Amino acid sequence: MSKVKTAEEAVRLVKDSDVVAVNSSSGLCCPDAVLSALGARFAGEGAPRDLTTVHPIAAGDMFGTKGVDHLAQPGMIACIIGGSYPSGPSSAEPPLIWQRILANDLRAYNLPSGVIFDMLREGAARRPGVLTKIGMQTFVDPDLEGGAMNDAARAAPIVQRRHFEGEDWLYFRPIAPDVAIIRASTADERGNLSFEQEGAYLGAMELALAARNSGGVVIAQVRRVAMNGSLRPHDVRVPGILVDVVVEAPEQLQTTATPYDPAISGELIRPLDSFSLPEFGVGKVIARRVAQELQAGWAVNIGFGISANVPRILVEEGQHGAVTWMIEQGAVGGVPLLDFKFGCAANAEAFVASPHQFAYFQAGGFDASLLSFLEVGRDGSVNVSRLSAVPHRTAGAGGFVDITSRAKRIVFSGNFNAGAKMRITDGQLVIDREGRIPKFVDAVDQVSFSGSRASDQGQQVTYVTERCVICLRGGRLVVTELAPGLDLQRDVLDQCSGALEVAADLRPMDARLFRPGPMGLSLTPAGA
């Protein structure tokens, strides 16, 4: 019997108070047609209501894929657990889910994406929960905020500290979904799913297992339906025995604002000269200096922001392939993409399921991570997850906490402060108007990364800005390099509200960073 149903028929399987887990990363793999039908059902009949929705990575965006916003109607969601949330420009109206969170209409939590996948895997295996060090001494820790995003969540904590085998751990209960909503490219009539036109698998298999083993149902949205027996077994990533209903959605976007790009799914290998290169300016200076921290042969995680341009620096410098890039959505190798396609890579060597990628990150198996910062505290702690003045400007922590908890080397990058007007003239950085908002502060608004814990663990942490390079040494921030044309006291020390020390061997940043054209970057072989 065919499992193919309409979206309207599929969402009839969702009941009041169900736990609904959604596999998505913004627009990537987002089952938006099913979420739309579910929201329309509630708008029409007031059911299902009081749902708990689970999103290891954000469902939807602010650029055409509504995702969780279909469900952000008063009374529909009672609780939401998210690794990240839809985010966008400060000038735009906040997504509906943010409006519900800020109005305290529901309980909202921000937990590490990898930990949420772990909670689902524990639920799938009917194990008692997750004991982990991931999130300790960050906002996830109940000694700080316990991942709660509003007063309603603070009144119902979901993270505990537990003592086990002589050590302190964070404990997260397992998640047993009543419904999993996932997406693929093709389904046959028996529900076998393949992902040949997707840019990631994310956690489709893990969510399906968790729902099936909990006695729940699995709804799969696909672009097309094939005849039974026509999918090659090696191509099937979720077997039909786990899938209850298939919803065909021929117009589904491949990712945010992108109908289809075969390079994202590895069906086309793009020439290197087809990738745009960063224009010369302050951002490129920072990305170049970050690139100088790399060694050939490394496996390197990359995040959003200025650091996302580092792969393009290596392309420009003839160093593409010297390091292998990894992103939390699952792509390994290739060239990570930018803007609406962030979270995808072109020319990837492999796609790994996100939960497996996070296991690699959580244990620190990779060589380095390149990430951004909103604020840096005097002890080296970093905030990337909360901007109190405009909450929807940030997506939450996502995989940041998983990635940084045990990373051997971390390079954070960003502008030294916010609002400065700068230019580069004759190889020197010129500040025409000073910024008004310091980013190096006494204490960060939210601890996404604990500088003190990093110091205790011996992690190597560097902060790269357009003005200077700063290293975390012995629990203190030490300026080690200064941009040409700047005065240390006036342009750096006086422009931060946190404490910076100055290295005895302070040196100028590489002059090549501040000149247009390739800089002749050469990466030292790993271990040399």
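Look above for the structure.
Please read these numbers as outputs of a predicted model, since none were measured by experiment.

A. Expanded view of the overall build of the protein chain. Looking only at helices and strands, one finds 12 helices and 35 strands in the protein chain. Considering only C-alpha atoms, the protein chain reaches an extent of 75 × 50 × 45 Å along its principal axes. Residue burial in the protein chain is summarised as follows: out of 528 residues, 58% are buried. Restricting the contact set of the protein chain to residue pairs at least 6 apart, pairs at least 24 apart contribute 76%. For the protein chain, the exposed surface amounts to about 20,100 Å²; the carbon and sulfur share of it is 50%. In the protein chain, the 49 positive side-chain charges and the 58 negative ones have mean positions that sit 1 Å from each other.

B. Highlighting the sheet that holds strand 2 (residues 19-22). On the basis of which strands lie adjacent, the open sheet formed by eight strands has the order 1-15-12-9-2-3-4-5 and parallel pairing. Two strands close off the open sheet at either side, each with one partner strand: strand 1 (4-5) and strand 5 (107-110). As judged from the three bridges shared by strand 2 and strand 9 (residues 179-183), these two strands associate in the parallel manner. Bridging across to strand 9, A21 finds its partner in A180.

C. Spatial organisation of the packing of helix 4 (residues 113-125) against helix 9 (residues 354-362). At their nearest, the axes of helix 4 and helix 9 sit 9 Å apart, and the two run at 120° to each other. Considering their axes alone, helix 4 and helix 9 lie oblique with respect to each other. Helix 9 is crossed by helix 4, and the crossing has left-handed handedness. Of the residues in helix 9, those in contact with S113, G114, V115, F117, D118 and R121 of helix 4 are S354, P355, H356, F358 and Q362. The residue makeup of the contact of helix 4 with helix 9, split by class, is four nonpolar, five polar and two charged.

D. Looking closely at the side chain of S194. Mapped onto the secondary structure, S194 falls in strand 11 (residues 193-194). Within polar-contact distance, the side chain of S194 engages the side chain of E196 at 2.5 Å. Among all residues touching S194, those that are not within four sequence positions of it are A184, S185, T186, L231 and D235.

E. Up close: the environment of M119. As for its position among the elements, M119 is in helix 4. Apart from the residues within four sequence positions on either side, M119 is in contact with L111, V130, F172, R173, P174 and I175.

F. Focus on helix 2 (residues 32-45). Counted at 1.5 Å a residue, the expected span for helix 2 with its 14 residues is 20 Å, and the 20 Å between its end C-alpha atoms agrees. Buried within helix 2 are the following residues: D32, V34, L35, A37, L38, G39, R41 and F42. Taken together, the buried residues of helix 2 touch helix 1 (7-10), strand 2, strand 9, strand 12 (217-222) and strand 15 (245-248). In the segment just after helix 2, G46 is the residue with positive phi, at about 75°.

G. Fine view of the packing of helix 4 against helix 6 (residues 204-213). Direction vectors running N to C along helix 4 and helix 6 enclose 35°, while the axes themselves pass 8 Å from each other. Remark: the crossing between helix 4 and helix 6 carries left-handed chirality. Counted together, F117, L120, R121 and A124 of helix 4 and E206, L207, L209, A210 and N213 of helix 6 form the full contact between these two elements. Within the contact of helix 4 with helix 6, the residues separate by chemical class into six nonpolar, one polar and two charged.

H. Quick peek at the sheet that holds strand 14 (residues 236-238). Taken in spatial order, the four strands of this open sheet run 13-10-11-14, and their pairing is mixed. Looking along the sheet, the strands with just one partner apiece sit at the ends: strand 13 (224-226) and strand 14.

I. Examining the pattern of salt bridges more closely. Using the criterion set out here, one finds 29 salt bridges in the structure. Beyond isolated ion pairs, a larger network of salt bridges with shared partners links D141, D143, R161 and D168.

J. Up close: the pairing of strand 12. By the criterion of burial, strand 12 is predominantly enclosed, with six of the six residues buried. Pairing between strand 9 and strand 12: five bridges, direction parallel. Bridging across to strand 12, I182 finds its partner in A220. Across four bridges, strand 12 lies against strand 15 in parallel orientation. Paired with A220 across the strands is V246, a residue of strand 15.

K. How the structure looks around the nonpolar core. Among the nonpolar cores identified, the biggest contains 114 residues, and L193, L294, F412, F440 and Y463 are the most heavily contacted of them. Apart from the residues lying within four places of it in its own chain, the contact partners of F412 are L371, S372, F373, V382, F400, T404, F449, V461, T462, Y463 and V464. Grouped together as the second largest cluster of nonpolar side chains are 32 residues, L35, A59, V179 and V247 included.

L. Up close: the packing of aromatic side chains. Per the stated rule, a full pass over the model turns up 15 aromatic pairs. With a centroid separation of 6.2 Å and 35° between ring planes, the pair formed by F117 and F358 is classed as tilted. Highlighted residues: F117 in helix 4 and F358 in helix 9, separated in sequence by 241 residues. Residue F117 shares its accessibility class with F358, and that shared class is buried. Pairwise contacts between aromatic rings join F117, F358, Y360, F361 and F366 into one cluster. Cation over ring: R162 sits above Y171, and NZ or CZ is 4.4 Å from the ring centre. Cation over ring: R270 sits above F275, and NZ or CZ is 3.9 Å from the ring centre.

About the criteria used
Residues numbered from 1 in each chain as written. Predicted model: local features only at pLDDT ≥ 70, side-chain atom pairs only at ≥ 80, totals over all residues. Heavy atoms only, no water. Helix = DSSP H or I, 4+ residues; strand = E, 2+ residues; numbered from the N terminus. Buried < 20%, exposed > 50% of the residue type's maximum accessible area, 1.4 Å probe, protein only. Contact = heavy atoms within 4.5 Å. Areas by Shrake-Rupley, 256 points an atom, 1.4 Å probe, with all protein chains shown as cover. Lys, Arg positive; Asp, Glu negative; His and termini not counted. Charge placed at Lys NZ, Arg CZ, Asp CG, Glu CD. Pairing = 2+ DSSP bridges. Axes fitted to C-alpha atoms, helices over the stretch in contact; angles between N-to-C directions. Parallel < 35°, antiparallel > 145°, perpendicular 65-115°, else oblique. Left-handed = near helix turned anticlockwise from the far one by under 90°. Nonpolar A, V, L, I, M, F, W, Y, C, P; charged D, E, K, R; others polar. Polar contact = N/O pair within 3.5 Å; in protein donor to acceptor, adjacent residues only side chain to side chain. Expected span 1.5 Å × (residues − 1). Salt bridge = Lys/Arg side-chain N within 4 Å of Asp/Glu carboxyl O. Core = buried A, V, L, I, M, F, W, Y, C linked by side-chain atoms within 4.5 Å. Phe/Tyr/Trp six-rings, centres within 6.5 Å; stacked < 30°, edge-to-face > 60°. Lys NZ or Arg CZ within 6 Å of the ring centre and 35° of its normal.

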